[in-house]
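Close look at the chain arrangement
Residues per chain are reported as follows:
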Amino acid sequence: MASGELTTSSHFEAKITPTVIISCIMAATGGLMFGYDVGVSGGVISMRPFLKKFFPEVYRKTVEEKEVESSYCKYDNEGLQLFTSSLYIAGLTATFLASYTTRKVGRRVTMLIAGFIFIGGVAFNASAQNLLMLFIGRILLGSGVGFANQAVPVFLSEMAPSRIRGALNILFQLNVTLGILFANLVNYATNKIKGGWGWRVSLGLGGLPALLLTLGAFLVVDTPNSLIERGHLEEGKAVLRKIRGINNIETEFLELVEASRVAKEVKHPFRNILKRNNQPQLVISIALQIFQQFTGINAIMFYAPVLFNTLGFKNDASLYSAAVTGAVNVLSTVVSIYSVDKLGRRMLLLEAGVQMFLSQFVIAIVIGMKVKDHSEDLSKGFAVLVVVMVCIFVSAFAWSWGPLSWLIPSEIFPLETRSAGQSVAVCVNLLFTFIIAQAFLSMLCLFKFGIFLFFSGWILIMSSFVLFLLPETKNVPIEAMTERVWKQHWLWKRFIEDDCVKEEKVATDNCPSRNENVKGFDPASQS
């Protein structure tokens, strides 16, 4: 029996125990760590003392705008973009090792590793005296992010009862948004510090969320899935009983044991994930990560102060506006926590597609009409309109593509390819985050207001993908995804069934569920 062929009820019996809630809150601080770094870099690179010390060419452009051909191009500098994007290419590399540690030593230990590495990166950045120290710090931060993004979503999905799995998993994304908001508020405050060293405080405070993740990882237990996968059956059973809050956990425990047995037969999970029956999950996971970046959200989150500066906002005003969008980001993610297991994944993604498309389209029109190559500030009315449209865009992203791009990949893979699948998702996400972070300021200089039309076009494409190719996974136990999701989808069932038909043994033994679905099937007729 393959893990995907396990038959389950809609939900295993389970209580929402304090152990589950506390463990998930602590683990989700990995998102706080990631979010702080996403938010802090954009504010820091808009601070003139930071630019003067490390990027004097950009500093001169911001002081003497006549030196640059267009106000859209003030921050167009490869080195400055690399400061932001280097974190993500380092995270991409680290996630391959993180996949191994997640599988071999557990989710909890991997989160510990993430915290320690990130703290080292913070120390380098806050004390940086030259570009080398700055970039070493960014690489360490990226490695910590790679480990955290690999382990935390899997930990959350495996700890949570299926009926609230979506809400608890979104705690990771909620903490990402809280981290961004915290970073924006810190940047706003440190920019007022006299003496030009406020940017060091901004970078140094990144150690707080990393410390929370490290302490949390010391306190939580590992998931039953991970313990059973590593051969600790009795410990895994005890933890399962503790986190479910009941004694009758035998059915779920036996399914986890069986899934683990099948997983151990897979010697090469990255090779196995390419097999035909795993291709639907792989395609969806990769597509979601690419689409998440091409909404344009990280271009706004990384460079919000820079973007508002480009549009004519003063330095304090740009940091303040970025903090407002950060607050909207947090509140909207809370909406997702309450709605994801009620409305479902598809409904949230499709509604948000309409909202994001319209808001980006309006932003493009306003900027195209009012911001010229060497324009003065936007009038107050249009400036408020741009900020409102950005907030509408951010709110839609925060209750849809932000959390769901992490939730869905973490819940659709069977145990034997789950770590590999999460690694692929993290890798693709960080690769395209790197591409957007490295290219956005140059794209802004080249496309001007058209950059928002570029992203809105992608939103149309990704909404069509959701409409036709993304199945609903709401309230489906992880180990029942094959039977209840993939074999019921108009397209993806061909991959699952065809793979089964090609087995060397006849369908009666290997594909009982498929045989049962065929009217009039008689096992005795199979010779």
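Quick caveat, the model's predicted, so the values are computed rather than measured.

**Observations regarding the overall build of the protein chain**
- Across its full length, the protein chain holds 26 helices and zero strands.
- A buried classification covers 60% of the 527 residues belonging to the protein chain.
- A separation of at least 24 residues holds for 81% of the contacts in the protein chain among residues at least 6 apart in sequence.

**Looking at the confidence of the model for the protein chain**
- Counting all residues, the mean pLDDT for the protein chain is 83, and 88% of those residues have values of 70 or more.
- Contacts for the low-pLDDT stretch residues 1–10, under 50 throughout, to residues beyond four places or in other chains number 31 contacts.
- Confidence drops under pLDDT 50 across residues 498–527; counting only partners more than four residues distant or on other chains, this segment forms 22 contacts.

**Concerning empty space enclosed by the protein**
- On inspection of all chains with the given rule, the structure shows four cavities of 30 Å³ or more.
- In this model, the second largest cavity occupies a volume close to 150 Å³.
- Broken down by secondary-structure element, the contributors of at least two residues to the lining of the second largest cavity are helix H2 (29–44), helix H8 (165–190), helix H15 (279–293), helix H16 (297–310) and helix H20 (401–412).
- Classifying every residue of the lining of the second largest cavity by side-chain character gives eight nonpolar, seven polar and no charged.

**Describing the environment of methionine 389**
- Within the secondary structure layout, methionine 389 lies in helix H19 (residues 380–398).
- Of the residues examined, methionine 389 reaches a relative accessible area of 13% and is grouped as buried.
- In this structure, the C-alpha to C-alpha distance between methionine 389 and glutamine 355, residues 34 residues apart in sequence, is 9.9 Å.
- When sequence neighbours within four positions are dropped, the list of residues in contact with methionine 389 reads Ser359, Val362 and Ile363.

**Notes on the nonpolar core**
- Core analysis: the largest hydrophobic core is formed by 151 residues, its most contacted members being Phe50, Met111, Ile284, Trp401 and Phe440.
- Tallying contributions element by element places helix H21 (residues 415–447) first for this core, with 13 residues.
- When near neighbours in sequence (up to four residues on either side) are disregarded, phenylalanine 50 contacts Val44, Ile45, Phe55, Phe83, Leu134 and Trp199.

**A closer look at helix H10 (residues 207–219)**
- Here H10 is 13 residues long and its end C-alpha atoms lie 19 Å apart, about the 18 Å a rise of 1.5 Å per residue gives.
- For H10, every residue scored as buried is listed here: Gly207, Pro209, Ala210, Leu213, Thr214, Gly216 and Ala217.
- Considering only its buried residues, H10 is in contact with helix H1 (18–27), H2, helix H6 (107–126), helix H7 (131–159) and helix H9 (198–204).

**Looking at the packing of H6 against H7**
- Put simply, H6 and H7 touch, their axes get as near as 7 Å, and they point 155 degrees apart. Judged by the angle between their axes, H6 and H7 are roughly antiparallel. In this structure, H6 meets H7 at a crossing whose hand is left-handed.
- Considering only residue class, the contact of H6 with H7 consists of 19 nonpolar, seven polar and three charged.

**So, the pattern of salt bridges**
- Within the structure shown, the criterion is met by eleven salt bridges.
- Between aspartate 222 and arginine 230 there is a salt bridge whose closest N-O contact spans 2.8 Å.
- Three or more residues are tied together by salt bridges with common partners; here these are Arg107, Glu158, Glu229 and Arg418.

**Considering unusual backbone geometry**
- Its identity as a non-glycine residue notwithstanding, lysine 448 has a phi of 55 degrees, on the positive side.
- Although it is not a glycine, asparagine 475 adopts a positive phi angle of roughly 65 degrees.
- Tracing the backbone shows asparagine 475 in the loop between helix H22 (450–469) and helix H23 (481–484).

**As for the packing of aromatic side chains**
- In total, this model carries 18 aromatic pairs according to the counting rule given.
- Among the aromatic residues, ring-to-ring pairing joins Phe291, Phe294, Trp401, Phe432, Phe447, Phe454, Phe455, Trp458 and Phe465 into one connected group.
- When the ring centre of phenylalanine 54 is taken as reference, the NZ or CZ atom of lysine 53 above it lies at 5.7 Å.
- The aromatic ring of tyrosine 188 is capped on one face by lysine 192, whose charged end is 4.9 Å from the ring centroid.

**Description of the side chain of serine 85**
- If you trace the backbone, serine 85 turns up in helix H5 (residues 78–104).
- Contact partners of serine 85, with chain neighbours within four places excluded, come to Phe434, Ala437 and Gln438.

**Here we look at the packing of H2 against H7**
- Here H2 crosses H7 at 140 degrees, and the two axes come no closer than 9 Å. Considered as vectors, H2 and H7 are oriented oblique to each other. Here the hand of the crossing between H2 and H7 comes out left-handed. On H7, the residues that touch Gly30, Met33, Phe34, Asp37 and Ser41 of H2 are Arg138, Leu141, Gly144, Val145, Ala148, Asn149 and Val152.
- In terms of residue class, the contact of H2 with H7 is built from six nonpolar, four polar and two charged.

**Describing the side chain of serine 332**
- Looking at the element boundaries, serine 332 is found in helix H17 (residues 315–343).
- Residue serine 332 is classed as buried on the basis of its relative accessible area of 7%.
- In this structure, serine 332 is in contact with Ser395, Ala398 and Trp399, ignoring residues within four places of it in sequence.

**Considerations on a nonpolar patch on the surface**
- A cluster of nonpolar side chains, Phe116, Ile119, Leu211, Leu215, Phe218 and Leu219, forms an exposed patch at the surface whose accessible area comes to about 600 Å².
- Where the nonpolar patch is concerned, the elements lending two or more residues are H6 and H10.
- Residue contributions to the nonpolar patch peak at four residues, all from H10.
- Relative to the helices and strands, leucine 211 resides in helix H10.
- Judged by its relative accessible area of 42%, leucine 211 falls in the partly exposed class.

**Quick notes on the environment of serine 442**
- Within the fold, serine 442 resides in helix H21.
- Once residues within four sequence positions are removed from consideration, serine 442 is found in contact with Asp76, Glu78 and Gln81.

**Quick word on H5**
- Compared with the 39 Å implied by 1.5 Å per residue over 27 residues, the 39 Å span of H5 between its first and last C-alpha is a close match.
- Where H5 bends most, at threonine 84, the angle is about 45 degrees.
- Capping of H5 at its N-terminal end is provided by asparagine 77; its side-chain oxygen lies 3.0 Å from the backbone amide nitrogen of glycine 79.
- Glycine 106 sits one or two residues past H5 and shows a positive phi near 105 degrees.

Parameters at a glance
Residues numbered from 1 in each chain as written. Predicted model: local features only at pLDDT ≥ 70, side-chain atom pairs only at ≥ 80, totals over all residues. Heavy atoms only, no water. Helix = DSSP H or I, 4+ residues; strand = E, 2+ residues; numbered from the N terminus. Buried < 20%, exposed > 50% of the residue type's maximum accessible area, 1.4 Å probe, protein only. Contact = heavy atoms within 4.5 Å. pLDDT = per-residue confidence, 0-100. 1 Å grid on protein atoms, 1.4 Å probe; cavity = no way out; pocket = protein on both sides within 12 Å on 5 of 7 lines; lining within 4 Å. Points joined across faces, edges and corners; volume = space filled by probe spheres on them. Nonpolar A, V, L, I, M, F, W, Y, C, P; charged D, E, K, R; others polar. Core = buried A, V, L, I, M, F, W, Y, C linked by side-chain atoms within 4.5 Å. Expected span 1.5 Å × (residues − 1). Axes fitted to C-alpha atoms, helices over the stretch in contact; angles between N-to-C directions. Parallel < 35°, antiparallel > 145°, perpendicular 65-115°, else oblique. Left-handed = near helix turned anticlockwise from the far one by under 90°. Salt bridge = Lys/Arg side-chain N within 4 Å of Asp/Glu carboxyl O. Phe/Tyr/Trp six-rings, centres within 6.5 Å; stacked < 30°, edge-to-face > 60°. Lys NZ or Arg CZ within 6 Å of the ring centre and 35° of its normal. Patch = residues over 30% accessible without salt bridge, like charges linked within 9 Å, V, L, I, M, F, W, Y side chains within 5 Å. Areas by Shrake-Rupley, 256 points an atom, 1.4 Å probe, with all protein chains shown as cover. Bend = angle between axes of the 7 residues up to and from the residue. Polar contact = N/O pair within 3.5 Å; in protein donor to acceptor, adjacent residues only side chain to side chain.

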